[in-house]
Amino acid sequence: MTPASVSLHRAALLTGGLWLALHAPLALAQGGATPPPPLPRAVTAPASGVPGIDLPPEPGVPAPFTLPAFEEDRLPNGVRVIVVPRRDLPLVTVRVHQRVGSAFDPAGKAGVAELTAALRAKGVRRGGREVDATTLAREAEALGGLLETAASRGGLQAGLTVATPRLAAATALVADVVRRPVLAGAELERLRAQTADGLKLAFSDPMALAGLVARRAWWGTGPNGASTTPASVARVSLADVRALHQRAAHPMLTTVVFTGDLDLAQGRALAQRHFGDWPATRIALPEAPPSPPQPLDVPMLLVNLPGAGQAGVVVMGPGVPQADPQRRTAQVAAGVLGGGYSARVNVEVRIKRGLSYGASAALSMAAEGGVVAASAQTQNATAAEVAALMRGEMLRLGRDAPGPEEFDARLATLVGNVTRQAETTAGLAAMAIDTVERTRPLADLARAVPELRTVTAAQVRDFAAAAWKPEALRIVVVGDMKVAGEALRAMVPGARLIDAAALDLAAPTMTR
Amino acid sequence: MTSFPDDASRRAWLARAARLGLAGAAGLGAWAGPLNAQAAAASAASALALKPLNFHQRLLPNGLQLLHLGGGGGGSVSVQVWYRVGGQDDPEGRSGFAHLFEHLMFKRTRHLADEQFDRLTEDVGGSNNAFTSEDATGYQNVVPAHHLERLLWAEAERMSGLQVDEANFRSERAVVQEEYRQRVLANPYGLLFNAISPNAFERHPYRRPVIGSIEDLDAATVDDVRRFHADYYRPDNAVLIVTGDYDPARLDAWVDRYFGVLRRPATPIPRHGLSEPVRRASREVKLTGPQVPLPAVLLLWQGPRADAAETPAVQVAQALLSAGESSRLNEALVYRQRIAQSAGFESLLLAEAGALVGYAIAAGETPPQRLVAPLLAEIERLARGPIAPAELDKVKAQLLTAALVNRQTPLGLGTALGWAVIQKRDPMAVNRELGELQAVTAADVQRVLRRFVLQQPRVTVHYTQAAA
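The structure reproduced in this document is the subject of the present report.

Along its length, chain B carries 18 helices and eleven strands. Across the 468 residues that make up chain B, the buried fraction comes to 66%. Element-wise, carbon and sulfur atoms account for 53% of the exposed surface of chain B, whose accessible area totals about 15400 Å².

What follows is the structure in structure tokens.
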């Protein structure tokens, strides 16, 4: 779940230096659902007129969208190979995924998977010699790409995007990271310190912190609710990292994805060259402990961050598990609520009232459940108003089904998000890996759009009415509570207040 | 120039480099069959090259510049209008105005309702966005190919018929002020970021941050909006860029129909005429914020403007210092010495003046003063010490790959063309820049660092937590 990533739709201000933003040491976009959107609001343009003069010209004839072909094969040892050919530019993304991720982080040690993914890129054995972190980075960057590693709940990843002539070398490098990492103690110590520093930045940013707290407030103490913190990182030992790496080190758990300028035969040959000699092992597929939603026992959690320049506001309601028959309905519902610029929460919060630069909503799904989270940044003094507006929109969707124009618009936005993701090699790779993580066939990808089109406005309303009852919603606000607190407490009785300085996301009470 | 302050990684500069429209000369690097790692590592960046972008251009009688280029992902087309107006054109006492104005372009026109651009783009499965930089304001739409004509009509409509009422003006101004709070006040490093412009420039209007200030935004009026539109939103101050999936003949006819009728005003386009003097003295600035998790330092020098002959060498120097994990500043300050959480070097390549920015955010308890000497030492080592050919090849490969990544989408192709026009005043620059970067030598890098950085006057900004 990423309530922190409020989409700053429109009006990006271009002006020197983004570098000042938090440098996340583990960078690789998680594949998966981007949230969608909808719109009500009567358009007040003249209803009559001449298209092309005082009305927009009529659209032409649409061309049907077809997703590129997702092809696959398996090496004799069990390594799965997925190739999505796109031959118009000499560019390829290679990404390796192993199906053991942060779901296996031991309690209190959130960050084992994250640190494992990162540490594997901090030194490897290549052709019998040991290559240190700096040299490895230099070799990756000499290929033109940036070696990216990531851990998600469902897996460890490593990969990069390079020009076609560099693909073979890039694949060799990624194979070394995955199969022959050194996993040195000194490097782990360095990564822990860097991660802790990076987290200090997130913990000072009201929206970023609200995202972490909201996840914990919805999913509780299980892996789905866990976030890496300075305290949890300090508890991660080299033995933890080595154990997770060993657990992932099986051909049967490994998928190699190539997207871009190659075909299946070429991808298979490359995978065979670099992964084919990995001995097959018979193992039971590891089962992660379940992590069902455990929404907070109070309706509202306030985190006091003195001096915060704004408040980060998150309002959450139930979603559905990722295999649930209603998942498409939930996706469209999240879209109608806050998937796009003209979606309901942004209309109320930004367009009508100017209370925020942007309000949006996103659906996150796991095997055990899901959550729809609406979020926005606003002045501390207007945090309660924004929370009330977003909560009001969640409840209203259960009463007011989207009208035909609104419904079509939000559906089109959802479909457009899919088609644009398919325009880049990295986007295609993320789509493929998303199916791997969800243990769904690749054919699912082509079904997404037709399935979305079967959802009806009434189904969306009924879903919202059943799922988003007042008692099922949870609100998290991080901000300067000297300014924001009183109105928030008046809005919802029974709110709990925690000082950011006393926050401990891993503790049962969330305080230390 | 510039980037999105919200972006979260040190790879950001790569995105920027790509936006500069890096393009190449020679033939397409085709599938070369499996290479082994050693061979690939040994072969130089010269093995990689990009095809030139064979775009078409036309100047309409009313002064509108049209650029178009087929390609990109199938089925969608990007329609962009870039106006040669930006933060530097904010009226006196109205900092932030060009950007506020950009927001208002999504409100109504004679024949479009408020936010109807969203109906025409996002609501049919496309997207729209806009940005304001110091030098330009860009409106960037992507739509399914069969919606092209509608977007051309709509862009011509808001170029000529914008209507702003008091209610719309006030609500959108509140949004922009919230944007200011989000970027400058809520982000722990927003205040530091906002200190770059006023400390990098002293007389040129670049000294005012593009986001402006709450007070100046409060002072703006609807009359200012009308005047600004009349002054700058006109065909002879705009570039229309169409990329992706379209039929060139129909495009030409539609452009003539919808844009050809717009009048070029008889009045000249107002320009401020101010230039930046040569800096004579160094100075130090102490800045504090209410939530500064780790102290930071900025070093600011004067740099070349975007179209200067030195620019490619500056870009290569920047990449050597801060592109990727293996870059010199990351390797030295973050990895080896462990005194910085992040460190980098950026060039602000603006159309009328430039600045070079070295920065570091401290690791752990490192005081910001202790970051200055190591930052300078690495820059000096690059300026005076050896630069291995392999290291130069590495950054050239990075720059080329970034350009290639950006060319995957109609949006990226159009953006590359737009920056070439704004920064180099010539769209053909898009097909020269990568060649110029590939030609940069170690001696070129050292010459520009000696000229702009070593022993040159510098502004140093220390950023720390305010006392409680």
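Time to look at the pairing of strand β3 (residues 76-83) of chain B. Residues and elements named next belong to chain B. Burial within β3 is extensive, with eight of its eight residues counted as buried. Summarising the sheet, β3 and strand β5 (residues 137-144) pair through eight bridges and their orientation is antiparallel. Looking across to β5, one finds that Ser-78 is bridged to Val-142. Across seven bridges, β3 lies against strand β6 (residues 238-244) in antiparallel orientation. Considered in β6, the bridge of Val-81 is made with Leu-240.

This part covers helix α11 (residues 383-397) of chain A. Note that an α-helix has 3.6 residues per turn; residues three or four places apart therefore point the same way. For α11(A), with 15 residues, the first-to-last C-alpha span of 21 Å sits near the 21 Å given by 1.5 Å per residue. All buried positions along α11(A) are accounted for by Ala383(A), Ala384(A), Val386(A), Ala387(A), Leu389(A), Met390(A), Glu393(A), Met394(A), Arg396(A) and Leu397(A).

Now for the sheet that holds strand β7 (residues 283-289) of chain B. All names here are of chain B. One open sheet holds the five strands; their spatial order is β7-β11-β8-β10-β9, and the pairing between them is mixed. Among the strands making up the open sheet, the edge pair consists of β7 and β9 (340-349). Across the sheet, the mean angle from the axis of one strand to that of its neighbour is 15 degrees, orientation sign disregarded. The pairing of β9 with strand β10 (residues 354-362) spans nine bridges and is antiparallel. Across the sheet, residue Ser-342 finds its bridge partner in β10, namely Ile-361. Set on the sheet, helix α12 (residues 311-322) makes contact with β9 and β10; between it and β9 the angle comes to about 175 degrees.

Within soluble globular proteins, side chains that are nonpolar tend to cluster in buried spots. All names here are of chain B. Ranked by internal contacts, the top residues of the largest apolar core, which has 49 residues, are Tyr-83, Phe-101, Leu-148, Leu-152, Tyr-233, Leu-240 and Phe-259. Take this core: its biggest share by element is seven residues, from helix α5 (residues 148-160). Residue contacts for Tyr-233: discarding those within four places in its chain leaves Tyr-83, Val-85, Phe-101, Met-105, Thr-137, Tyr-139, Met-159 and Phe-228.

Our focus in this paragraph is the pairing of strand β4 (residues 91-98) of chain A. Residue and element names in this part refer to chain A. A large share of β4 lies buried, amounting to eight of its eight residues. Going residue by residue along β4, you find Leu-91, Thr-93, Arg-95 and His-97 tucked away on one face and Val-92, Val-94, Val-96 and Gln-98 tucked away on the opposite face as well. Sheet topology note: the β4/strand β8 (residues 155-163) ladder contains eight bridges and is antiparallel. Bridging from a neighbouring strand, Gln-98 pairs with Leu-156 of β8.

Residue and element names in this part refer to chain A. Taken together, the six strands give an open sheet; going across it, the order is β2-β3-β9-β4-β8-β7, and neighbouring strands pair in mixed fashion. Strands at the two margins of the open sheet, each flanked by one partner only, are β2 (71-74) and β7 (148-152). Strand after strand, the sheet turns through a mean of 20 degrees between neighbouring axes, direction not considered. Packing of helix α1 (residues 112-119) onto the sheet brings it into contact with β7 and β8, and relative to β7 it is tilted by some 160 degrees.

This brings us to the packing of aromatic side chains. Residues and elements named next belong to chain B. Within the structure shown, the criterion is met by 17 aromatic pairs over all chains. Where Tyr-83 meets Tyr-139, the ring centres are 5.8 Å apart and the plane angle is 80 degrees; that geometry is what we call edge-to-face. One end of the pair, Tyr-83, is in strand β3; the other, Tyr-139, is in strand β5, with 56 residues separating them in the sequence. Tyr-139 carries the same exposure label as Tyr-83, and that label is buried. Through a chain of ring-to-ring contacts, three or more aromatic side chains come together here, namely Tyr-83, Phe-97, Phe-101, Phe-106, Phe-117, Tyr-139, Phe-228, Tyr-232 and Tyr-233. Over the ring of Phe-106 we find Arg-158; its NZ or CZ atom is 4.8 Å from the centre of that ring. One residue, Arg-158, lies across the ring of Phe-117, its end atom 3.5 Å from the ring centre.

All names here are of chain B. One non-glycine residue, Glu-115, lies in positive phi territory at about 55 degrees. Taking relative accessible area as the criterion, Glu-115 reaches 2% and is therefore assigned buried. For Arg-338, which is not glycine, the phi torsion reads 55 degrees and is therefore positive. With respect to the element layout, Arg-338 can be found in the loop between α13 (328-336) and β9. Among the residues examined, Arg-338 registers a relative accessible area of 32% and is labelled partly exposed.

Right, let's talk about the side chain of Arg80(A) for a bit. Residues and elements named next belong to chain A. Take Arg-80: it is sitting in strand β3 (residues 80-85). Arg-80 sits in the buried class, given a relative accessible area of 13%. With residues near it in sequence (within four places) discarded, Arg-80 still touches Glu-72, Asp-73, Arg-74, Thr-254, Thr-255, Val-256, Val-436 and Leu-442.

Basis of the calculations
Residues numbered from 1 in each chain as written. Chains lettered and ligands numbered in written order. Predicted model: local features only at pLDDT ≥ 70, side-chain atom pairs only at ≥ 80, totals over all residues. Heavy atoms only, no water. Helix = DSSP H or I, 4+ residues; strand = E, 2+ residues; numbered from the N terminus. Buried < 20%, exposed > 50% of the residue type's maximum accessible area, 1.4 Å probe, protein only. Areas by Shrake-Rupley, 256 points an atom, 1.4 Å probe, with all protein chains shown as cover. Pairing = 2+ DSSP bridges. Expected span 1.5 Å × (residues − 1). Axes fitted to C-alpha atoms, helices over the stretch in contact; angles between N-to-C directions. Contact = heavy atoms within 4.5 Å. Core = buried A, V, L, I, M, F, W, Y, C linked by side-chain atoms within 4.5 Å. Phe/Tyr/Trp six-rings, centres within 6.5 Å; stacked < 30°, edge-to-face > 60°. Lys NZ or Arg CZ within 6 Å of the ring centre and 35° of its normal.

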